[in-house]
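The lines below spell out each chain.
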Amino acid sequence: MEKVCDAQIKGVSTGTTILAATFDGGVVIGSDSRASIGGEYVSSKTINKVIQVHDRVFCCMSGSLADAQAVTKAAKFHLALHSVQMETPPLVIAAATILKDLCYRNKEELQAGFITAGWDQKRGAQVYVVSLGGMLVSQPVTIGGSGSTYIYGYVDAKYKPDMSREECLQFAINALALAMGRDNVSGGVANLAVITESGVEHVVVPGNKLPTFHDD
Amino acid sequence: MALSNVLEAPAAGFNFENSSSVPENNLYVRVNEIHQRSVVFSSFFFPSPVFYPLLQDGVVLGADTRATSSEVVADKMCSKIHYMAPNIYCCGAGTAADTEKTTDLVASNLTIFSLNSGRKPRVVMAVNILQDLLYRYRGQIGASLILGGVDCTGSHLYTVGPYGSVDKKPYLAMGSGNLAAMGIMEDGFRPDLELDQAKQLVRSAIQAGILNDLGSGHNIDLCVITDRGVDYIRPYQESQYKDHRTNKYRFRQGTTPVLTDTVVPLELEVVEEKVQQMETS
């Protein structure tokens with residue numbers, strides 16, 4: 001069932017499109033929902049790639065599904081312990097650093113990348129990206145996964161800092177729709193989470209309700 | 001920790017002892033393994049469809065009964081639906097030994113957990129233990145499992161891949177026949193299936209696998225788990241192609257004539273004699 005090549009991921013992979021963007025007062029994080037094997041077979045049409053690692057911190061996974069699930073499980077544990085010890089909700093950078101540490105120290109064996117986004121009391125809404133090798137970078141908007149290559153232009157042109165919540169959500173949905181339209185290993189539904197000081201809202205846009213463009 | 005896992009508690013953090021960092025090495029080792037599996041007859045590989053939709057108040061698990069060793073059918077009546085707990089059953093596709101042993105291991109763990117804690121295990125607990133185990137072994141344990149069961153939180157259906165990926169779905173198919181089975185599933189599954197409809201759907205899906213996949217065949221086993229109990233139907237449907245052996249293969253004593261009979265007594269010399277009194281009081 002799986003073809004093992006150097007560049008490909010063994011087992012189920014989340015060839016994917018993930019993104020996160022900050023807006024005025026919060027952050028939107030989203031992904032597609034397709035899991036594939038060998039770039040040929042869709043093993044799951046509705047896999048959840050947007051994982052809540054703490055009350056106001058989410059992360060999106062890309063790469064090998066097994067590796068990403070294992071890393072987020074470990075990160076959830078470490079973050080929960082850290083939060084209990086500090087007796088305060090964790091900072092988003094703490095979550096991102098935990099993921100980065102796991103990815104960097106085990107870089108030989110792991111094939112997983114993450115986007116962490118959330119809200120904390122100290123610095124407000126933030127987005128961090130942890131790449132495959134364990135680089136940690138903070139950005140106001142970021143995209144990742146195999147489908148991201150098709151939407152760099154769209155994101156660069158359309159993103160504005162301090163958008164409103166609705167504008168940012170629409171921007172994210174549009175970006176995901178465009179990427180899913182061009183990338184064969186991204187698809188399914190668009191899973192998004194909107195994180196603000198007051199709470200978290202999950203938004204799910206089924207494939208047939210995604211925005212359509214000139215050629216659809 | 002002590003309650004849930006009676007194996008040696010895995011060290012905190014990631015443990016990559018079971019993998020080599022050089023990808024080329026891994027590929028080489030894998031090729032060797034597959035070759036060995038086909039040579040050693042007793043370790044068989046059963047890729048096969050196993051398939052399960054979720055009912056409102058239960059789960060239906062189904063599987064075929066063929067185990068193969070490359071092109072040869074090693075077992076026509078193997079049992080692929082394994083017991084994990086009174087309320088949890090697991091279907092395994094992949095390497096037969098791996099699925100057997102892995103499910104056995106987790107079943108033992110769950111039993112001890114139940115005795116220690118006084119609680120019935122939850123399906124998600126079995127899933128987590130399996131995920132940790134399979135992930136630690138980096139795909140070297142070739143077990144693709146589907147777990148279904150009913151616990152205090154309701155009925156659940158999970159799949160755990162050989163590399164340790166987990167997915168929760170209302171219906172699933174795994175094994176070499178999963179493409180054929182999934183087609184039937186996608187067409188026939190509704191969220192509000194009745195028990196009989198679900199059983200028919202599972203039967204049709206496994207049938208599709210049996211007909212279209214060479215790795216699947218023979219009978220269909222079904223296992224229905226509800227909050228009222230478990231109904232393990234083996235077989236639910238028998239194979240149309242049965243053996244009709246025309247000869248008797250038992251030979252009466254004396255069929256092979258004895259030509260000569262030589263008895264050679266062994267001369268034994270007593271070297272040392274020791275008498276030890278037994279305590280009988």
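Let us look at the structure shown here. Since this is a predicted model, take the numbers as computed values, not measurements.

### Quick word on the overall build of chain B
- When you go through chain B residue by residue, the secondary structure sums to 5 helices and 13 strands.
- Each of the 281 residues in chain B was classed as buried or not, and the buried ones make up 45%.
- Of the contacts formed within chain B by residues at least 6 apart in sequence, a portion of 63% connects residues at least 24 apart.

### Focus: the overall build of chain A
- A count of helical and extended segments in chain A gives 4 helices and 13 strands.
- The C-alpha atoms of chain A give a radius of gyration of 16 Å, which matches the 17 Å a tight globule of 216 residues would have.
- The dimensions of chain A, computed from C-alpha atoms along their principal axes, are 45 × 40 × 25 Å.
- For chain A, the residues scored as buried account for 56% of the 216 residues in total.

### Looking at the environment of Phe16 of chain B
- For Phe16 of chain B, the position within the fold is in the segment before α1 (23-39).
- Ignoring anything within four residues of it in the chain, the contact list for Phe16 of chain B reads Asn106, Glu109 and Leu110 of chain A together with Tyr135 and Arg138 of chain B.

### Thoughts on the sheet that holds strand β12 (residues 190-196) of chain A
Residue and element names in this part refer to chain A.
- Strand order in the open sheet formed by 5 strands is β11-β2-β3-β12-β13, and the pairing between neighbours is antiparallel. Either end of the sheet is taken by a strand with one partner, and the two such strands are β11 (141-144) and β13 (200-205). Across the sheet, the mean angle separating the axes of adjacent strands is 15 degrees when strand polarity is ignored.
- Pairing of β12 with β13 involves 6 bridges; the strand directions are antiparallel.

### Some points on unusual backbone geometry
- For the peptide bond that leads from Arg234 of chain B to Pro235 of chain B, omega is 0 degrees, which places it in the cis range.
- By secondary structure assignment, the location of Pro235 of chain B is in strand β13 (residues 229-237).

### Points about the pattern of salt bridges
- Throughout the structure, instances matching the rule amount to 14 salt bridges over all chains.
- A salt bridge links Asp167 of chain B to Lys169 of chain B; the nearest nitrogen and oxygen atoms lie 2.9 Å apart.
- On the basis of relative accessibility, which here comes to 10%, the residue Asp167 of chain B falls in the buried class.
- Look at Lys169 of chain B and you get buried, because its relative accessible area is 13%.
- Residues participating in the shared-partner salt-bridge network are Lys100, Asp101 and Arg105 of chain A.

### Describing the packing of helix α4 (residues 178-188) of chain B against helix α5 (residues 195-212) of chain B
Residues and elements named next belong to chain B.
- Where α4 meets α5, the closest approach of the two axes is 7 Å, and the angle between their N-to-C directions is 150 degrees. The angle between α4 and α5 places the two elements in the roughly antiparallel class. The handedness of the crossing between α4 and α5 comes out as right-handed. Counted together, Ala180, Ala181, Ile184, Met185 and Gly188 of α4 and Leu201, Ser204, Ala205, Ala208, Gly209 and Asn212 of α5 form the full contact between these two elements.

### So, the nonpolar core
Residue and element names in this part refer to chain A.
- Counting 49 residues, the largest nonpolar core has Leu99 and Phe114 as the members making the most contacts within it.
- Beyond its immediate sequence surroundings of up to four residues, Phe114 is in contact with Cys59, Cys60, Met61, Ala68, Val71, Thr72, Leu99, Cys103, Tyr128, Val129 and Val130.
- Of all hydrophobic cores here, the second largest spans 27 residues; its members include Ile151, Val194, Val203 and Val205.

### Some words on the pairing of strand β5 (residues 72-75) of chain B
Residues and elements named next belong to chain B.
- Pairing of strand β4 (residues 67-69) with β5, which is carried by 3 bridges, proceeds in the antiparallel orientation. The partner of Ala67 across the bridge, within β5, is Asp75.
- Counting the residues in the hairpin turn of β4 and β5 gives 2 residues, including Ser70, whose phi is positive at 60 degrees.

### What about α4 of chain B?
- For α4 of chain B, the set of buried residues is Asn178, Ala181, Met182 and Met185 of chain B. All buried residues of α4 of chain B project into a common sector of 100 degrees when viewed along the axis, lining one side.

### Brief notes about the side chain of Lys49 of chain A
All names here are of chain A.
- Positionally, Lys49 belongs in the loop between β5 (41-44) and β6 (50-54).
- Judged by its relative accessible area of 0%, Lys49 is buried.
- At 2.8 Å, the side chain of Lys49 and the backbone oxygen of Arg34 are in polar contact.
- Not counting the four nearest positions on each side in its chain, Lys49 is found in contact with Thr14, Gly15, Thr16, Ser31, Asp32, Ser33, Arg34, Cys59, Cys60 and Met61.

### Focus on the environment of Lys242 of chain B
- Its location among the elements puts Lys242 of chain B in the segment after β13.
- Sequence separation between Lys242 of chain B and Gly209 of chain B is 33 residues; the distance between their C-alpha atoms is 18 Å.

### Concerning the state of the cysteines
- The final tally for this structure, using the stated rule, is 0 disulfides over all chains.
- Between Cys103 of chain A, a free cysteine, and Cys59 of chain A, which holds the nearest cysteine sulfur, the sulfur-to-sulfur gap is 9.5 Å.
- For Cys103 of chain A, a relative accessible area of 0% gives the class buried.
- Here Cys78 of chain B stays unpaired: no disulfide links it, and the sulfur of Cys91 of chain B, its closest cysteine neighbor, is 11 Å away.

### Details of the packing of helix α1 (residues 65-86) of chain A against helix α2 (residues 92-105) of chain A
Residue and element names in this part refer to chain A.
- It is the contact of α1 with α2, at a shortest axis distance of 10 Å, that shows an interaxial angle of 135 degrees. Of the possible angle classes, the one that applies to α1 and α2 is oblique. Judged by the twist between their axes, the crossing of α1 over α2 is right-handed. Seen from α1, the contacting residues are Val71, Ala74, Ala75, His78, Leu79 and His82; seen from α2, they are Ala94, Ala95, Ile98, Leu99 and Leu102.

### A short note on helix α2 (residues 96-117) of chain B
All names here are of chain B.
- In a regular helix each residue adds 1.5 Å, so 22 residues correspond to 32 Å; α2 covers 31 Å between its end C-alpha atoms and thus fits that length.
- When α2 is considered as a whole, its buried residues turn out to be Ala96, Thr99, Thr102, Thr103, Val106, Ala107, Asn109, Leu110 and Phe113.
- Where α2 terminates, the next one or two residues include Gly118, which has phi positive at roughly 75 degrees.

Rules used in this analysis
- Residues numbered from 1 in each chain as written.
- Chains lettered and ligands numbered in written order.
- Predicted model: local features only at pLDDT ≥ 70, side-chain atom pairs only at ≥ 80, totals over all residues.
- Heavy atoms only, no water.
- Helix = DSSP H or I, 4+ residues; strand = E, 2+ residues; numbered from the N terminus.
- Buried < 20%, exposed > 50% of the residue type's maximum accessible area, 1.4 Å probe, protein only.
- Contact = heavy atoms within 4.5 Å.
- Rg over C-alpha atoms; globule rule 2.2 N^0.38 Å.
- Pairing = 2+ DSSP bridges.
- Axes fitted to C-alpha atoms, helices over the stretch in contact; angles between N-to-C directions.
- Salt bridge = Lys/Arg side-chain N within 4 Å of Asp/Glu carboxyl O.
- Parallel < 35°, antiparallel > 145°, perpendicular 65-115°, else oblique.
- Left-handed = near helix turned anticlockwise from the far one by under 90°.
- Core = buried A, V, L, I, M, F, W, Y, C linked by side-chain atoms within 4.5 Å.
- Arc of directions from axis to C-beta.
- Polar contact = N/O pair within 3.5 Å; in protein donor to acceptor, adjacent residues only side chain to side chain.
- Disulfide = S-S within 2.5 Å.
- Expected span 1.5 Å × (residues − 1).

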